[in-house]
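Commentary on secondary and tertiary structure
Read off the chains here:
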Amino acid sequence: MEEKTLIYVAGNPDAYPLEYFDKDTQTYAGVIPELLAEFSDQSTYEIVYYEADGTDYREELAKQKQVDLLSAYEAGEELPENTGVVTLFPGENAYTLYFTEAAPDAFQSDLRAYLAQVSPAEVTGLLMASVETLPNTQGMYWTMGAMGAALLVMAAVLLLTVRRYRRRLKESQQNVETDETTGLGNMEYLERYYKQYINDKNRILYQAVYFYVDTDRLRRLSSGQETDEFLRYCAVVLGEYTQDSDILARVSEHGFIMLKLTGGTDKTDAWLTAILDRIHDYAKLYGKPYDTNIYAGIYALRAEDRDLNEIIFQASQGAYGAEKEDCRYLRCSKGMMDQFMQERHLQASIEQAFARNEFQLYIQFYVDAANFAVVGGEALSRWKHPQKGVLLPSMFIPLMEREK
């Protein structure tokens with residue numbers, strides 16, 4: 001049997017019924033996948049949808065040139081540059097497939113030839129099949145629209161409805177992934193783009209930079225509104241220093257994170273100093289009677305790093321350490337990370353330690369040296385840790401304060 005050439009496709013999960021992600025089967029379905037599957041059966045190409053998880057990766061994959069074909073762009077949609085095209089259903093309801101620079105020339109010509117001979121009746125039949133297999137929650141629209149209509153008219157109605165559906169879906173996703181205060185992406189946004197941008201090949205080229213703002217202090221000194229204004233200013237400044245290969249998001253009440261593709265320590269220092277200077281000048285620029293400081297922690301990703309939450313934690317500890325030491329930013333060294341992990345393990349066991357009565361109360365008495373009478377005392381707390389022995393308050397009180 002002849003070995004087939006593997007062709008990767010970046011699909012459009014929201015272009016029902018032409019192309020959509022079927023959550024039940026965890027695959028792409030619709031007219032275009034059916035046509036590509038038939039083309040695959042008749043040719044020497046094996047068609048595979050890249051990252052088929054229901055997320056629209058076309059824009060990112062187009063930049064990274066990781067696929068051969070970008071599917072289902074509708075008229076008026078922003079299009080990728082420097083790619084070959086083939087148009088489906090010419091006219092008002094046209095959809096376009098785009099060949100990337102990675103696509104073999106023979107594949108482009110073979111697919112064009114195949115699509116050119118597909119008849120309108122065959123397309124309409126595939127449309128009908130897609131409508132029939134759609135779950136009831138979506139199929140209601142198409143059943144009502146199709147009653148009493150001719151097949152080709154029904155296809156046009158379906159395509160027009162798709163546009164409205166896709167716009168609503170995209171707006172809904174943007175709302176879910178947007179931080180209300182700053183307009184930046186939130187944790188959900190970061191998680192999605194982290195999976196798309198960072199992989200085993202480029203992971204060690206990225207650094208996680210966590211920017212910490214003491215919003216509790218700012219709200220005490222000013223107001224909630226002024227604090228939000230400062231956070232929006234921070235977001236604007238950070239956005240100005242974010243490149244196409246970087247990912248910026250607000251991930252907590254106190255923190256922003258940037259996953260930055262960097263060329264070295266010196267470049268990071270200059271870039272970070274410029275950001276911190278701009279943000280520090282906010283108070284002077286807008287006549288605020290209090291300091292507006294922001295602290296940063298830098299964590300260089302390692303080849304084995306996979307857990308995004310762990311990456312954020314390491315970088316955030318650097319930022320908290322920078323505030324504690326009253327310096328502008330800290331790099332997470334191995335010694336610092338080992339200390340973080342030790343503190344994290346202690347912090348995770350505090351609740352269990354209370355349940356086991358591991359915290360002990362001691363009284364240090366004050367004795368009058370003249371007559372040896374007890375005149376007072378000081379209450380002391382110690383943690384009798386089962387593995388680490390007796391721990392002083394300086395080891396666990398700061399950890400408890402972080403939990404409040």
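To be clear, the structure that these remarks concern was listed above.
To start, this report covers the structure provided alongside it. Bear in mind the structure is a predicted one, so any value in this text is a computation, not a measurement.

1. Observations concerning the pattern of salt bridges
Pairing of side chains with opposite charge becomes possible as their charged atoms draw close. In the structure shown here, the tally under the stated rule is 15 salt bridges. Between E226 and K288 there is a salt bridge, and its shortest N-O distance comes to 3.8 Å. Note that E226 is positioned in helix α9 (residues 224–240) and K288 in the loop between α11 (282–285) and β12 (295–300), a separation of 62 residues in sequence. In the salt-bridge network here, residues are joined through shared partners; they are D179, R219, D228, R250 and E253.

2. Comments concerning helix α12 (residues 308–324)
When the terminal C-alpha atoms of α12 are compared, their 24 Å separation across 17 residues agrees well with the 24 Å that a helix rising 1.5 Å per residue should span. Here α12 lies mainly inside the structure; twelve of its 17 residues are buried. Along α12, the positions that sit buried rather than exposed are L308, I311, I312, F313, Q314, A315, S316, Q317, G318, A319, G321 and A322. Of the residues flanking the start of α12, the one acting as N-cap is D307, its side-chain oxygen 2.9 Å from the backbone nitrogen of N309. Phi turns positive one or two residues past the end of α12, at D326, with a value near 55 degrees.

3. Topic: the sheet that holds strand β4 (residues 27–29)
Reading across the sheet, the three strands line up as β2-β3-β4 and stay open at both edges, with antiparallel pairing between neighbours. The outermost strands of the open sheet, each flanked by one partner alone, are β2 (14–15) and β4. The sheet contact formed by β2 and strand β3 (residues 19–22) spans two bridges and is antiparallel. Bridge pairing in β3 places A15 opposite E19.

4. Overview of the pairing of strand β11 (residues 255–261)
The buried fraction of β11 amounts to six of the seven residues, a majority that puts the element mostly inside the structure. Judged from the seven bridges that link them, strand β9 (residues 206–212) and β11 form a sheet pairing that is antiparallel. Paired with Y212 across the bridge in β11 is G255. Of the pairings in the sheet, the one linking strand β10 (residues 247–250) to β11 comprises four bridges and is antiparallel in character. Paired with A249 across the bridge in β11 is I257. Remark: four residues form the turn of the hairpin made by β10 and β11, two consecutive strands paired antiparallel.

5. Section: unusual backbone geometry
Of note in the backbone geometry, D326 takes a positive phi value of approximately 55 degrees without being a glycine. Tracing the chain through its elements places D326 in the loop between α12 and β13 (329–331). The exposed category is assigned to D326, whose relative accessible area is 64%.

6. A look at the packing of aromatic side chains
On inspection of all chains with the given rule, the structure shows 18 aromatic pairs. Summarising the aromatic geometry, the rings of F39 and Y45 are spaced 5.8 Å apart at their centres and angled 15 degrees between planes, so their arrangement reads as stacked. We note that F39, like Y45, is buried. Consider the rings of Y233 and Y282, whose centres lie 4.8 Å apart with planes at 50 degrees: the pair is tilted. Remark: Y282 occurs in helix α11 and Y233 occurs in helix α9; sequence separation between them is 49 residues. Each member of the pair Y233 and Y282 is classed as buried.

7. Examining a nonpolar patch on the surface
A surface patch of nonpolar side chains, amounting to about 680 Å² of accessible area, comprises L361, I363, F365, V367, F372 and V374. Of all the elements, strand β14 (residues 359–367) adds the most residues to the nonpolar patch, at four residues. Tracing the backbone through its elements, the reader meets F365 in strand β14. The exposure class assigned to F365 is exposed, which follows from its relative accessible area of 54%.

8. Structural notes on the pairing of β9
Summarising burial for β9: seven of the seven residues are buried, a large majority. A two-sided burial pattern is seen for β9, the buried positions comprising Y206, A208, Y210 and Y212 on one face and Q207, V209 and F211 on the other. Strand direction decides the pairing type here: β9 and β12, joined by six bridges, are antiparallel. The partner of V209 across the bridge, within β12, is I298.

9. Details of the environment of T181
Assignment of secondary structure puts T181 in the loop between α6 (151–176) and α7 (187–197). Residue class for T181 comes out partly exposed when judged on its relative accessible area of 22%. On a C-alpha basis, the gap between T181 and R250 in space is 9.4 Å, while along the polypeptide they are 69 residues apart. Residues contacting T181, with those up to four places away along its chain left out, are D228, L231, R232 and R250.

10. Description of the sheet that holds β14
The strand order across the open sheet formed by three strands is β14-β15-β16, and the pairing between neighbours is antiparallel. Two strands close off the open sheet at either side, each with one partner strand: β14 and β16 (389–391). The average angle at which neighbouring strand axes cross in this sheet is 40 degrees, direction not considered.

Calculation rules
All residue numbers here refer to positions counted from 1 along the written sequence of the relevant chain. Local features are withheld for residues below a pLDDT of 70 in this predicted model, meaning they are given only at 70 or higher, and side-chain atom pairs are given and counted only at 80 or more; totals for whole chains, interfaces and linings count all residues. Computation of side-chain values covers all heavy atoms of the structure but excludes hydrogens and water. Any carboxyl oxygen of Asp or Glu that lies within 4 Å of a side-chain nitrogen of Lys or Arg is treated as forming a salt bridge with it. Secondary structure elements follow DSSP: runs of H or I of four or more residues count as helices, runs of E of two or more count as strands, with numbering from the N terminus. Given the number of residues in a helix, its expected span is that number minus one, multiplied by 1.5 Å. Note on exposure labels: buried denotes an accessible area under 20% of the residue type's maximum, exposed denotes more than 50%, and partly exposed covers the range between, all computed with a 1.4 Å probe on protein chains only. Whenever a nitrogen or oxygen atom comes within 3.5 Å of another N or O atom, the pair is scored as a polar contact, on the condition that within protein one atom can donate a hydrogen and the other can accept it, and that pairs from neighbouring residues in sequence are kept only if both atoms are in side chains. Here the rule is simple: two strands pair whenever DSSP picks up at least two bridges between them. Here the aromatic set is Phe, Tyr and Trp, taking the six-membered ring for Trp, and pairing holds for ring centres within 6.5 Å; pairs whose planes are under 30 degrees apart are stacked, those over 60 apart are edge-to-face, and all others are tilted. Nonpolar side chains (Val, Leu, Ile, Met, Phe, Trp, Tyr) are joined into patches within 5 Å and like charges within 9 Å, using only residues with over 30% relative accessible area and no salt bridge. Surface accessibility in these figures is a Shrake-Rupley result with a 1.4 Å probe; residues are shielded only by whichever protein chains are displayed. Any two residues whose heavy atoms approach within 4.5 Å at even a single point are treated as in contact. Helix axes are fitted to C-alpha atoms over the stretch in contact, other axes to C-alpha atoms as well, and angles between N-to-C directions run from 0 to 180 degrees.

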